[in-house]
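Structural overview
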Amino acid sequence: MPTRRELGMHEMWCGADTSGEPVWHVLTPDKTSTLCGVDKEEESPRRDTTDRHCFTCMKSFQTVVASR
């Protein structure tokens with residue numbers, strides 16, 4: 001059975017938007033950056049919870065899904 005990496009699956013990561021507020025980003029399959037270009041930082045001990053999503057990541061993810 002193929003791994004997530006082999007399938008090119010994307011995961012979500014809670015990081016900051018340009019104003020510093022927490023948002024959910026979509027990670028690239030290699031898990032080093034987001035679809036909007038933000039470098040993924042190490043997880044902090046404090047996890048912010050939010051219902052907000054990065055619009056740029058979500059739009060890019062929609063394009064990726066539609067192309068498959």
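This write-up is about the structure you can find in this document. In this text the structure is predicted, and so the values were computed from the model without any measurement.

Remarks on the overall build of the chain
Secondary structure assignment for the chain yields 2 helices and 2 strands. Listing the helices and strands of the chain from first to last along the sequence gives α-β-β-α. Considering the chain as a whole, with its 68 residues, one finds that 24% of them fall into the buried category. For the chain, restricting intrachain contacts to residue pairs at least 6 apart in sequence, the fraction spanning at least 24 positions comes to 41%. Here the chain displays about 5,200 Å² of accessible surface, and carbon together with sulfur accounts for 54% of that area.

Side note on the environment of Arg52
Checked against the element boundaries, Arg52 lands in the loop between strand E2 (22-26) and helix H2 (55-66). In the structure, Arg52 is positioned 29 residues away from Val23 in sequence and 5.0 Å away in space, judged by C-alpha atoms. Sequence-distant contacts of Arg52, defined by excluding residues within four places in its chain, comprise Asp17, Glu21, Pro22, Val23 and Trp24. In terms of polar contacts, Arg52 uses its side chain to reach the side chain of Asp17, at 2.8 Å.

Describing the pairing of strand E1 (residues 12-16)
Pairing of E1 with E2 involves 5 bridges; the strand directions are antiparallel. Counterpart to Gly15 in the pairing with E2 is Val23. Counting the residues in the hairpin turn of E1 and E2 gives 5 residues, including Gly20, whose phi is positive at 90 degrees.

What counts and how
- Residues numbered from 1 in each chain as written.
- Predicted model: local features only at pLDDT ≥ 70, side-chain atom pairs only at ≥ 80, totals over all residues.
- Heavy atoms only, no water.
- Helix = DSSP H or I, 4+ residues; strand = E, 2+ residues; numbered from the N terminus.
- Buried < 20%, exposed > 50% of the residue type's maximum accessible area, 1.4 Å probe, protein only.
- Contact = heavy atoms within 4.5 Å.
- Areas by Shrake-Rupley, 256 points an atom, 1.4 Å probe, with all protein chains shown as cover.
- Polar contact = N/O pair within 3.5 Å; in protein donor to acceptor, adjacent residues only side chain to side chain.
- Pairing = 2+ DSSP bridges.

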